[in-house]
Amino acid sequence: ERDNRILLHKMSHVMRTKGTVDNHIDNKYIHKSLNKIKRQRELEKIASENKAIHKRIAAQGTRYSRDVWLDEWRVNERYMANICTFPQFWYDRLAKEDQPFFKELKQEAYLRLGQANRQFQKDVRFHKMQQQKHNQQRSREKKHRREKAAREKRVAQELDFIKKLKGMSVN
């Protein structure tokens, strides 16, 4: 009878709570991965391979000579100077007395560019305004057509009503 009472007590405890087991070891269990050593070995292997690759890359010398690149660049600069409209650094080669004249030309070009930009902005605003006027006109026309259709429908309904009244008065 005592054993039955103990068993009943344990069963009622399980039903009232989550049903935990009473043989736990006070959270002294340390979780361990069974695969940890293998993963560490793989990581060390990858690290050593990366070091070897880095050594091989660092040991390689450059295949291009800086002097050859500079020589090729000079040749290309000569080609560009031959095909361009204005010689390179033409402003620096001008006589000192001619430089103010070209500065004024440059300033005038900037002014004209600014005027052209302002004119373009005015044209854009004008086009937008024209578009708005056009849209307003179209919406007014649509509204007028809807109102006309509604009037015609009302007149048709009134005529039908009058015909019905005439038909009723004859009988």
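How each quantity is defined
Residues numbered from 1 in each chain as written. Predicted model: local features only at pLDDT ≥ 70, side-chain atom pairs only at ≥ 80, totals over all residues. Heavy atoms only, no water. Helix = DSSP H or I, 4+ residues; strand = E, 2+ residues; numbered from the N terminus. Buried < 20%, exposed > 50% of the residue type's maximum accessible area, 1.4 Å probe, protein only. Areas by Shrake-Rupley, 256 points an atom, 1.4 Å probe, with all protein chains shown as cover. Patch = residues over 30% accessible without salt bridge, like charges linked within 9 Å, V, L, I, M, F, W, Y side chains within 5 Å. Salt bridge = Lys/Arg side-chain N within 4 Å of Asp/Glu carboxyl O. Lys, Arg positive; Asp, Glu negative; His and termini not counted. Charge placed at Lys NZ, Arg CZ, Asp CG, Glu CD. pLDDT = per-residue confidence, 0-100.

Draft legend 1. Summary view of the overall build of the chain. Counting its regular elements, the chain contains 5 helices and 0 strands. If you list the helices and strands of the chain from N to C, you get α-α-α-α-α. Residues counted as buried form 1% of the 171 residues belonging to the chain. Per element, the accessible surface of the chain, about 18,000 Å² overall, is 57% carbon and sulfur.

Draft legend 2. Molecular detail of a positive patch on the surface. Positive charge collects at one region of the surface, where Arg138, Lys142, Lys143, Arg145 and Arg146 lie side by side. By the element assignment, Arg146 lies in helix α5 (residues 99-170). With a relative accessible area of 54%, Arg146 lands in the exposed category.

Draft legend 3. Seen up close, the pattern of salt bridges. Following the criterion strictly, the structure yields 1 salt bridge and no others. Arg74 serves as the salt-bridge partner of Asp71, at 3.2 Å between the closest nitrogen and oxygen. Of this pair, Asp71 and Arg74 both sit in helix α3 (residues 66-83), 3 residues apart, which is roughly one turn of the helix. With relative accessibility at 45%, the residue Arg74 sits in the partly exposed group.

Draft legend 4. How the structure looks around a nonpolar patch on the surface. Residues Val155, Leu159, Phe161, Ile162, Leu165 and Met168 make up a contiguous nonpolar surface patch of roughly 600 Å² in combined accessible area. The topology assignment puts Val155 in helix α5. Residue classification places Val155 among the partly exposed positions, given a relative accessible area of 45%.

Draft legend 5. The arrangement of the confidence of the model for the chain in detail. Across the chain, pLDDT averages 81, with 79% of residues at or above 70. Highest mean pLDDT in the chain belongs to helix α2 (residues 36-59) (94); lowest belongs to helix α4 (residues 90-93) (60).

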